[in-house]
Amino acid sequence: LAKTTQPISMDSYEGQEVNITCSHNNIATNDYITWYQQFPSQGPRFIIQGYKTKVTNEVASLFIPADRKSSTLSLPRVSLSDTAVYYCLVGDMSQQAGTALIFGKGTTLSVSS
Amino acid sequence: DVKVTQSSRYLVKRTGEKVFLECVQDMDHENMFWYRQDPGLGLRLIYFSYDVKMKEKGDIPEGYSVSREKKERFSLILESASTNQTSMYLCASRTGGRTYEQYFGPGTRLTVT
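Residues numbered from 1 in each chain as written. Chains lettered and ligands numbered in written order. Predicted model: local features only at pLDDT ≥ 70, side-chain atom pairs only at ≥ 80, totals over all residues. Heavy atoms only, no water.

Caption draft 1: The state of the cysteines, seen in detail. Within the structure shown, the criterion is met by 2 disulfides over all chains. Between Cys22 of chain A and Cys88 of chain A runs a disulfide, and the two sulfur atoms are separated by 2.2 Å. Measuring the twist about the S-S bond at about -80°, one finds the Cys22 of chain A-Cys88 of chain A disulfide to be left-handed. Of this pair, Cys22 of chain A sits in strand 2 (residues 18-23) while Cys88 of chain A sits in strand 8 (residues 84-91), placing them 66 residues apart in sequence. There is no split in this pair, since Cys22 of chain A and Cys88 of chain A are both buried. The disulfide that involves Cys23 of chain B links it to Cys91 of chain B, with 1.8 Å between the sulfurs. Because the torsion about its S-S bond is -80°, the bridge between Cys23 of chain B and Cys91 of chain B counts as left-handed. Highlighted residues: Cys23 of chain B in strand 3 (residues 19-25) and Cys91 of chain B in strand 9 (residues 87-94), separated in sequence by 68 residues. Residue classification places Cys91 of chain B among the buried positions, given a relative accessible area of 0%. (Disulfide = S-S within 2.5 Å. Helix = DSSP H or I, 4+ residues; strand = E, 2+ residues; numbered from the N terminus. Buried < 20%, exposed > 50% of the residue type's maximum accessible area, 1.4 Å probe, protein only.)

Given below as structure tokens:
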């Protein structure tokens, strides 16, 4: 699985757009990029996944440049409830068995009023 | 509604005790996982299972074993609990298809004294 690098922490204010960038220089052809969110005292929750270009859902957008060596999770107009740890994961889940998602330390986002 | 449940939210055990952590999922998922989470270290994979009676070691299997006798249940066993196994333990499950969406339980905070 490709190694990922993301900032340890970020601070923001309510109403701002937050962009968290993840570096994955050794991404393989079949790898997908996935982001998870974890609130305090809860397990992580899947947010979004993508392969290339842009993906958007009701929670966030994911931007992936053509070389796929990095990706950016964009959270529009954050609120206090977006305070959480955000994990970037890269891997190939096409195999039926024997694969597991490996989580790193994530980025702790703190949103203030 | 998808659900992963863990047998205890909080558990206190003594050094040397045998500890069982139970995880049950109701989604008929093939894959199940055990992680531990410690401050500053993120989530680390202990063991996972991709089928009944099948298991694979994760990054930190030492001191742990697992059991999967039924598809919906995955147990983590600490043969002889030690203080360095004090941690938050998170169980997760995922379907066998090409998906990156993993569902986590609420976690068990284990304290070994």
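Caption draft 2: How the structure looks around the packing of aromatic side chains. In this structure the tally under the stated criterion is 12 aromatic pairs over all chains. Centre to centre, the rings of Tyr36 of chain A and Phe46 of chain A are 5.8 Å apart; their planes meet at 85°, and the pair counts as edge-to-face. Highlighted residues: Tyr36 of chain A in strand 3 (residues 32-38) and Phe46 of chain A in strand 4 (residues 45-50), separated in sequence by 10 residues. In this pair, the class of Tyr36 of chain A matches that of Phe46 of chain A, namely buried. Note on Phe103 of chain A and Phe104 of chain B: the rings are 5.7 Å apart at their centroids and 80° apart in plane angle, and the pair reads as edge-to-face. (Phe/Tyr/Trp six-rings, centres within 6.5 Å; stacked < 30°, edge-to-face > 60°.)

Caption draft 3: Inspection of the interface of chain B and chain A at higher detail. Contact with chain B, which involves 25 residues of that partner, is made by 26 residues of chain A. Counting each side, the surface lost to burial between chain B and chain A is near 2,000 Å², with a carbon and sulfur contribution of 55%. For the interface between chain B and chain A, the tally reads 0 salt bridges. Across the chain B-chain A interface, the total number found is 7 residue pairs in polar contact (both at pLDDT 80 or more). Counting residues per element, the ones that place at least two in the side of chain B that touches chain A are strand 4 (31-38), strand 5 (42-49) and strand 9 of chain B. (Contact = heavy atoms within 4.5 Å. Buried area = accessible area lost by both parts, 1.4 Å probe. Salt bridge = Lys/Arg side-chain N within 4 Å of Asp/Glu carboxyl O. Polar contact = N/O pair within 3.5 Å; in protein donor to acceptor, adjacent residues only side chain to side chain.)

Caption draft 4: Structural view of the layout of surface pockets. Quantified by volume, the largest pocket comes out at close to 460 Å³. Lining the largest pocket are 25 residues; nearest its centre among them are Gln38, Val85 and Tyr87 of chain A together with Gln37 and Pro39 of chain B. Of all the secondary structure elements, the ones that give two or more residues to the lining of the largest pocket are strand 8 of chain A together with strand 4 and strand 9 of chain B. Grouping the amino acids of the lining of the largest pocket by side-chain chemistry returns 11 nonpolar, 11 polar and 3 charged. (1 Å grid on protein atoms, 1.4 Å probe; cavity = no way out; pocket = protein on both sides within 12 Å on 5 of 7 lines; lining within 4 Å. Points joined across faces, edges and corners; volume = space filled by probe spheres on them. Nonpolar A, V, L, I, M, F, W, Y, C, P; charged D, E, K, R; others polar.)

Caption draft 5: Spotlight on the nonpolar core. The biggest cluster of nonpolar side chains holds 21 residues, and the ones touching the most others in it are Trp34, Ile46, Leu76, Leu78 and Tyr89 of chain B. At the level of secondary structure, the elements contributing two or more residues to this core comprise strand 3, strand 4, strand 5, strand 7 (64-70), strand 8 (73-78), strand 9 and strand 11 (108-112) of chain B. Ranked by size, the runner-up nonpolar core spans 20 residues in total, among them Ile48, Ala60, Ile64 and Leu75 of chain A. (Core = buried A, V, L, I, M, F, W, Y, C linked by side-chain atoms within 4.5 Å.)

Caption draft 6: Structural view of the environment of Cys88 of chain A. All names here are of chain A. Judged by relative accessible area, which is 2%, Cys88 ranks as buried. Considering only alpha carbons, one finds Cys88 and Cys22, 66 residues apart in sequence, at a separation of 6.5 Å. Once residues lying within four places of it in the same chain are set aside, the contact partners of Cys88 are Thr4, Gln6, Cys22, His24, Thr34, Trp35 and Ser71.

Caption draft 7: Structural view of the pattern of salt bridges. Residues and elements named next belong to chain B. Evaluated as defined, the whole model comprises 7 salt bridges over all chains. Between Asp38 and Arg44 there is a salt bridge, with its nearest N and O atoms 2.9 Å apart. Overall, the relative accessible area of 24% leaves Arg44 in the partly exposed class. In this structure, Lys53 and Glu69 form a salt bridge, with 2.4 Å as the shortest nitrogen-oxygen distance. Note that Lys53 is positioned in the loop between strand 5 and strand 6 (56-57) and Glu69 in strand 7, a separation of 16 residues in sequence. Since its relative accessible area comes to 58%, Lys53 is described here as exposed. Classification of Glu69 as exposed rests on a relative accessible area of 52%. Among the charged side chains, a salt-bridge network with shared partners connects Asp28, Glu30 and Lys71.

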